[in-house]
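# Analysis of the macromolecular model
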Amino acid sequence: MKIAFFSTQEFERHVLDEANQQFHHEIIFYREKLRRSTASVAAGCPAVCVFVNDVLDSATLSQLAADGTRLIALRCAGYDNVDLARAHQLKMAVVRVPAYSPQAVAEHAVALMMTLNRNTHRAYNRVRDGNFDLNGLVGFNMAGKTVGVVGTGKIGAALAQIMKGFGCRLLGYDMRSNPRCVEQGMKYTDLASLLSESDIVSLHCPLTPETMHLINRQTIALMKRGSMLINTSRGALIDARAAIDALKTRDHLWYLGIDVYEEEGSLFFKDRSSAIIQDDVFERLTTFPNTLITGHQAFLTHEALRQIAEVTLANVSDFESGAPKPENVVRAIRQPAPSMGLR
Ligand code: NAD
């Protein structure tokens, strides 16, 4: 099938080409993001393949459908960037890669935690500069600390397993309990208790209308004094302005590690080192010594890239043969929110 790949990067093209040797699709790579103004380049392609920051709103989907696209193949797990109701109306199928090395993302969350904790980002620069002063680099033992996992699906469970190895106590918040987490000794609780008892809170739930700004002024006020917040899920789970105010007062939140940012669509995945970044919220976040930001790279391992490529191309073949894997198909129905009283 002819597939237009949007937002492609050098690091993934050869992986996709290699995986395609067994699928024989006709692939066209575009560096550009998919949005209404770029959609027409996919004219004549029955399948379009997109990533996390492509914009599949109603107008873009309508343009694609008018030009003959019938399949949207996401080469990621999250699908918050797709207007699913509109895709359904237009009779377009949407498929995704629901699981590709959850360890890749969980391990990156741990990298953020440990860097913030032991200040390796600061130590690296100091030592290179001949500065061997240890002041300001004091960390804490992970053993015995409480880690709160919000969203205990595949990635949350992979994180729980690692944290158990560190000797941490595990709390979880989700609408359903995961036996793999319970096996690690996780205790499920409501969001308020998780926030008030956890030394580290790590977010692993999808972005939905219910989880938008789940971490806001109100919920930050519930967090334990001196706590760390890690987000490798989707940027809009956190109200970044509220996080900045909290980091300034240091009443509750002392450390912030994020791989995702609500407005990352206009920043991430490009070299902007010679540009003047106009996003003052993002720029303020970069000024804190106890904040660490990576540019949506938690998925970026060789293993995950290979799995993403293979599942994405298989999804297109399955659609072509009329037998898409049900677990990879994204439907328009949303899950109900857990009734915990807090967003
Ligand atoms: P998953 O579906 O296996 O798990 C998500 C869990 O969140 C489920 O258990 C679900 O019940 C729970 N959940 C849903 N709504 C909730 C709510 N309102 N409150 C609490 N829990 C809720 O998904 P996963 O594979 O573990 O991925 C989690 C998220 O990680 C994805 O949605 C995606 O946004 C993000 N992700 C990020 C990267 C990256 O590179 N940074 C890569 C892959 C995935």
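What you see is a predicted model, and the numbers here were worked out from it, not measured in a lab. (Residues numbered from 1 in each chain as written. Predicted model: local features only at pLDDT ≥ 70, side-chain atom pairs only at ≥ 80, totals over all residues. Heavy atoms only, no water.)

The next subject is the pairing of strand 2 (residues 26–29). With four bridges joining them, strand 1 (residues 2–5) and strand 2 adopt parallel strand pairing. Opposite Ala4, over in strand 2, you have Ile28 as the bridge partner. (Pairing = 2+ DSSP bridges. Helix = DSSP H or I, 4+ residues; strand = E, 2+ residues; numbered from the N terminus.)

With that out of the way, let us pick up helix 10 (residues 240–249). Note on helix geometry: an α-helix contains 3.6 residues per turn, so any two residues three or four positions apart are oriented the same way. Every buried residue of helix 10 is listed here: Ala240, Ala242, Ala243, Ile244, Ala246 and Leu247. Structurally, the start of helix 10 carries an N-cap: the backbone nitrogen of Arg241 is 3.1 Å from a side-chain oxygen of Asp239. Following helix 10 by one or two positions, Arg250 has its phi on the positive side, about 55°. (Buried < 20%, exposed > 50% of the residue type's maximum accessible area, 1.4 Å probe, protein only. Polar contact = N/O pair within 3.5 Å; in protein donor to acceptor, adjacent residues only side chain to side chain.)

What follows covers the packing of helix 4 (residues 102–118) against helix 6 (residues 154–166). At their nearest, the axes of helix 4 and helix 6 sit 8 Å apart, and the two run at 50° to each other. Classified by the interaxial angle, the pair formed by helix 4 and helix 6 is oblique. In this structure, helix 4 meets helix 6 at a crossing whose hand is right-handed. Packed against helix 4, whose contacting residues are Pro102, Gln103, Val105, Ala106, Glu107, Ala109, Val110, Met113 and Met114, the element helix 6 presents Lys154, Ile155, Ala158, Leu159, Ile162, Met163 and Phe166 at the interface. Taken together, the residues of the contact of helix 4 with helix 6 sort by class into 13 nonpolar, one polar and two charged. (Axes fitted to C-alpha atoms, helices over the stretch in contact; angles between N-to-C directions. Parallel < 35°, antiparallel > 145°, perpendicular 65-115°, else oblique. Left-handed = near helix turned anticlockwise from the far one by under 90°. Contact = heavy atoms within 4.5 Å. Nonpolar A, V, L, I, M, F, W, Y, C, P; charged D, E, K, R; others polar.)

Taken together, 24 residues are adjacent to the ligand, and Tyr100, Lys154, Ile155, Asp174 and Thr232 come closest. One nitrogen or oxygen atom from the side chain of Arg234 is found 3.3 Å from an oxygen atom belonging to the ligand. Summarising the interface, the protein chains cover 91% of the accessible area of the ligand, which totals 870 Å² for the free molecule. Residue composition of the shell around the ligand, by class: 11 nonpolar, eight polar and five charged. (Near = heavy atom within 4 Å. Areas by Shrake-Rupley, 256 points an atom, 1.4 Å probe, with all protein chains shown as cover.)

This part covers the packing of helix 1 (residues 10–19) against helix 12 (residues 302–320). Running from amino to carboxyl end, helix 1 crosses helix 12 at an angle of 50°, the nearest separation of the two axes being 9 Å. By the angle between their axes, helix 1 is oblique relative to helix 12. The hand of the helix 1/helix 12 crossing is right-handed. Residue-level inspection shows Phe11, Val15, Leu16 and Ala19 of helix 1 in contact with helix 12, the latter providing Leu305, Arg306, Ala309, Glu310 and Leu313.

Before going further, it helps to spend a moment on unusual backbone geometry. Positive phi values are uncommon outside glycine, yet Asn119 reaches one of about 60°. Here Asn119 is to be found in the loop between helix 4 and helix 5 (120–128). A positive phi angle is found at Phe269, which is not glycine, with a value near 75°. Tracing the sequence through the fold places Phe269 in the loop between strand 11 (253–258) and helix 11 (280–285). With a relative accessible area of 26%, Phe269 lands in the partly exposed category.

With that settled, the discussion passes to helix 2 (residues 58–66). Among the residues of helix 2, those classed as buried are Thr60, Leu61, Gln63 and Leu64. Angular distribution of buried residues about the axis of helix 2 spans 160°; they occupy a single face of the element. Close packing links the buried residues of helix 2 with strand 3 (47–50), strand 4 (71–74) and helix 3 (84–89). Backbone geometry just after helix 2 places Gly68 at a positive phi near 100°. (Arc of directions from axis to C-beta.)

Attention shifts here to the environment of Ala4. You can see Ala4 is positioned in strand 1. For the pair formed by Ala4 and Ile72, sequence separation is 68 residues and the distance between their alpha carbons is 9.9 Å. If we ignore the near neighbours within four places in the chain, the residues touching Ala4 are Ile28, Tyr30, Ala42, Cys45, Ala47, Val48 and Cys49.

Here we have five strands laid out as an open sheet, ordered 2-1-3-4-5, and parallel in their pairing. Of all the strands in the sheet, the pair left with one neighbour each is strand 2 and strand 5 (93–95). Going across the sheet, the axis of each strand differs from the next one's by a mean of 20°, ignoring polarity. As judged from the four bridges shared by strand 3 and strand 4, these two strands associate in the parallel manner. Along strand 4, the bridge assignment pairs Ala47 with Leu71.

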